[in-house]
Amino acid sequence: MTISENRRIRFSYITTDAPCVVLLTGGNSGIGYATIQILARRGAKVYMATRNESRAKEAIQRMKSEGIGAGSVEWLHLDLSDPRSAARAVQTFLAKEQRLDLLINNAAVGAGPFKLTSDGLLDIMVTNHISHVILTNGLLPLLKQTAAEPRSDVRIIALSSAAHSFVDPDSFATRESLNKDYGNSMKGALNTYGYSKLACMLYFKALQKRLDADGTRITCVSVHPGAIRTPGGESVFAGTPVIGFLFAKVIMPMMFGSWKDGALPVLYAAAGPREKFRDAAYVTPKGVEVPSKAAVNARLSEEVYETTERVVKELNL
């Protein structure tokens with residue numbers, strides 16, 4: 001049975017003595033919106049971490065009008081295009097909360113053309129990977145503290161994509177490797193997007209290895225939500241010449257699922273049986289699957305981890 005067919009997802013871990021606290025990046029629309037709403041309805045306290053306050057508060061108001069049950073949703077300022085904003089978001093969150101049960105690195109960009117930031121880093125890699133690493137590492141002490149509590153079930157979820165399988169890089173050993181750009185065509189943009197998602201998957205595979213080695217009970221999971229029609233996904237195609245625009249406006253509405261369906265694999269990763277998620281598992285609408293050959297390459301995983309940590313250190317945050 002696929003996850004889409006099995007809609008009765010158990011949220012047993014949201015039964016701890018303290019309210020479950022969740023931080024999700026993005027979330028004012030699409031998959032993140034549906035994920036936040038369902039978690040809140042299960043009683044969680046959820047932080048919607050986005051850059052646009054007015055859009056976030058409009059989304060939260062809309063959620064409340066639709067019903068969020070016993071839970072709550074609060075906005076947290078986070079601009080993933082700026083690594084320094086990610087560092088500030090960590091400090092703001094730590095001043096508010098004493099636990100964190102679930103971190104969902106959901107937000108991403110995909111539309112080109114891509115460019116280098118003032119730090120000399122490719123903008124899509126900053127948003128989709130590097131800033132999420134800064135956020136995760138900054139919150140890791142609190143995640144570990146929560147994981148040490150009785151009956152806790154702490155998880156870090158990274159939204160990925162089947163596009164990670166479109167690329168098969170030789171190495172991630174240098175700073176320049178994080179800036180690889182496959183070009184402005186529709187295929188090129190998809191490959192660059194997939195490259196950023198592959199880097200993210202490999203990083204969390206390496207992080208899981210380190211968490212396991214020191215006995216920390218935190219589970220890392222990468223999630224491909226399926227072929228889903230979201231505003232971000234439409235922008236990837238609509239930003240390319242005629243074929244991409246037609247694909248976004250004609251083909252996607254007919255063939256792609258809704259963002260509510262896209263939330264189901266994320267929720268399964270958040271609340272499914274812990275024993276199913278080993279070695280930074282890869283979850284799709286069909287369940288736990290094996291990702292691409294590159295995504296399970298131990299050497300590439302270590303290279304991404306070491307290179308990303310070095311780049312973050314150079315940013316001096």
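Bear in mind the structure is a predicted one, so any value in this text is a computation, not a measurement.

## Regarding the sheet that holds strand 1 (residues 21–25)
- The mixed open sheet is built from 8 strands, whose spatial order is 3-2-1-4-5-6-7-8. Looking along the sheet, the strands with just one partner apiece sit at the ends: strand 3 (72–77) and strand 8 (287–289). With strand direction ignored, the average angle separating the axes of adjacent strands in the sheet is 25°.
- Alignment of strand 4 (residues 102–105) against strand 5 (residues 154–159), held across 4 bridges, turns out to be parallel. Bridge pairing in strand 5 places Leu-103 opposite Ile-156.
- Across the sheet, helix 2 (residues 53–66) lies against strand 2 (45–50) and strand 3, angled at about 175° from strand 3, the strand it touches most.
- On top of the sheet, helix 4 (residues 123–147) reaches strand 1, strand 4, strand 5 and strand 6 (218–223); it is set at about 165° to strand 4, its chief contact.

## Here we look at helix 1 (residues 30–41)
- For helix 1, built from 12 residues, the straight-helix expectation of 16 Å at 1.5 Å per residue is met to within 8% by its first-to-last C-alpha distance of 17 Å.
- For helix 1, the buried fraction is high: 10 of the 12 residues fall into the buried class.
- Restricting attention to buried positions, one finds in helix 1 the residues Gly-30, Ile-31, Gly-32, Tyr-33, Ala-34, Thr-35, Ile-36, Gln-37, Leu-39 and Ala-40.
- Just beyond helix 1, the residue with positive phi is Gly-43, at close to 100°.

## Quick notes on the side chain of Asp-119
- Secondary-structure assignment places Asp-119 in the loop between strand 4 and helix 4.
- Setting aside its immediate chain neighbours within four residues, Asp-119 contacts Pro-83, Arg-84, Arg-175 and Leu-315.

## Remarks on the confidence of the model for the chain
- Mean pLDDT over the chain works out to 88, with 84% of the residues at or above the 70 mark.
- Here residues 1–16 is modelled with pLDDT under 50, and outside its nearest four sequence neighbours on either side it reaches 39 contacts, counting other chains as well.

## Quick word on the pairing of strand 1
- Where burial is concerned, most of strand 1 is hidden: 5 out of the 5 residues are buried.
- On strand 1, burial covers both faces: Val-21, Leu-23 and Thr-25 on one face and Val-22 and Leu-24 on the other are all buried.
- Bridge count for strand 1 against strand 2 is 5 bridges, and the pairing is parallel. Its bridge partner being in strand 2, Thr-25 is matched across the sheet by Ala-49.
- Following the chain from strand 1 across helix 1 to the adjacent parallel strand 2, one finds a crossover that is right-handed.
- Both strand 1 and strand 4 contribute to a ladder of 3 bridges, which runs parallel. Of the residues in strand 4, the one forming a bridge with Leu-24 is Ile-104.

Cut-offs applied
Residues numbered from 1 in each chain as written. Predicted model: local features only at pLDDT ≥ 70, side-chain atom pairs only at ≥ 80, totals over all residues. Heavy atoms only, no water. Pairing = 2+ DSSP bridges. Helix = DSSP H or I, 4+ residues; strand = E, 2+ residues; numbered from the N terminus. Axes fitted to C-alpha atoms, helices over the stretch in contact; angles between N-to-C directions. Contact = heavy atoms within 4.5 Å. Expected span 1.5 Å × (residues − 1). Buried < 20%, exposed > 50% of the residue type's maximum accessible area, 1.4 Å probe, protein only. pLDDT = per-residue confidence, 0-100. Right-handed = clockwise from strand over helix to strand, strands pointing away.

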